[in-house]
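# Coordinates in review
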Amino acid sequence: MTISEAVAERILALCKERNLTVNKLCTISAVTQSTVNDIVNKKAHNIGIVTIKKLCDGLGMEIPQFFDDELFYGLEQVIF
């Protein structure tokens, strides 16, 4: 799994856990729907830390909490 795939899976899992739709997350995070759709549909490969911070704010968590998941262990190295 790549980092972008792991981020997409984590966002979807956190939304489900919090009973949030992706659309609602976009609204409370002030991140555009197209950006989040690209992330969760695994079309975005270079997800910026500022975007992740905004999404974390919308999810009510800190960045370390976001990455504190088994999804992020043993990720593939991505070379562009």
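Before reading further, recall that the structure is shown in the block above.
Structure report, in brief. These numbers come from a predicted model, not from an experiment.

### What to know about the overall build of the protein chain
- A tally of helices and strands in the protein chain yields five helices and zero strands.
- The N-to-C order of helical and strand elements in the protein chain reads α-α-α-α-α.
- Rg of the C-alpha trace for the protein chain: 12 Å, near the compact-globule value of 12 Å for 80 residues, within the 12% margin.
- Projected onto its principal axes, the C-alpha positions of the protein chain cover 30 × 25 × 20 Å.
- Counting only residues that meet the buried cut, the protein chain has 35% of its 80 residues in that class.

### A closer look at the side chain of T2
- Position of T2 relative to the elements: it lies in the segment before α1 (3-17).
- Only 3.3 Å separates the side chain of T2 from the side chain of S4, close enough to count as a polar contact.

### Some points on helix α2 (residues 22-29)
- Residues of α2 that are buried: V22, L25, C26 and S29. What you see down the axis of α2 is that its buried residues fit within an arc of 100 degrees, all on one side.
- In this structure, the buried side of α2 is in contact with α1, α3 (33-40) and α4 (49-59).

### Examining the nonpolar core
- Within the largest apolar cluster, 21 residues are counted, with the highest numbers of intra-cluster contacts made by V7, I11, V36, L55 and F66.
- Elements represented by at least two residues in this core include exactly α1, α2, α3 and α4.
- The biggest single contributor to this core is α1, with five residues.
- Setting aside its immediate chain neighbours within four residues, L55 contacts I11, L25, S29, V31, V36 and I39.

### Here we look at α3
- Residues of α3 that are buried: V36, I39 and V40. Buried residues of α3, seen end-on, are gathered within an arc of 90 degrees and therefore sit on one face of the element.
- Tucked into the core, α3 has its buried residues touching α1, α2 and α4.
- Immediately downstream of α3, the backbone of K42 shows phi near 60 degrees, a positive value.

### Points about the pattern of salt bridges
- For the structure on display, the rule yields four salt bridges.
- With its nearest N and O atoms 3.3 Å apart, the salt bridge here joins D69 to R10. Taken together, the positions of D69 in the segment after α5 (63-67) and R10 in helix α1 put the pair 59 residues apart, joining distant regions of the chain.
- Taking the shortest distance from any N to any O, the salt bridge between D57 and K53 comes out at 2.6 Å. Residue D57 and its partner K53 are both found in helix α4; the two are separated by four residues, about one turn of the helix.
- Assessed through its relative accessible area of 32%, K53 is described here as partly exposed.

So, how was this worked out
- Residues numbered from 1 in each chain as written.
- Predicted model: local features only at pLDDT ≥ 70, side-chain atom pairs only at ≥ 80, totals over all residues.
- Heavy atoms only, no water.
- Helix = DSSP H or I, 4+ residues; strand = E, 2+ residues; numbered from the N terminus.
- Rg over C-alpha atoms; globule rule 2.2 N^0.38 Å.
- Buried < 20%, exposed > 50% of the residue type's maximum accessible area, 1.4 Å probe, protein only.
- Polar contact = N/O pair within 3.5 Å; in protein donor to acceptor, adjacent residues only side chain to side chain.
- Arc of directions from axis to C-beta.
- Contact = heavy atoms within 4.5 Å.
- Core = buried A, V, L, I, M, F, W, Y, C linked by side-chain atoms within 4.5 Å.
- Salt bridge = Lys/Arg side-chain N within 4 Å of Asp/Glu carboxyl O.

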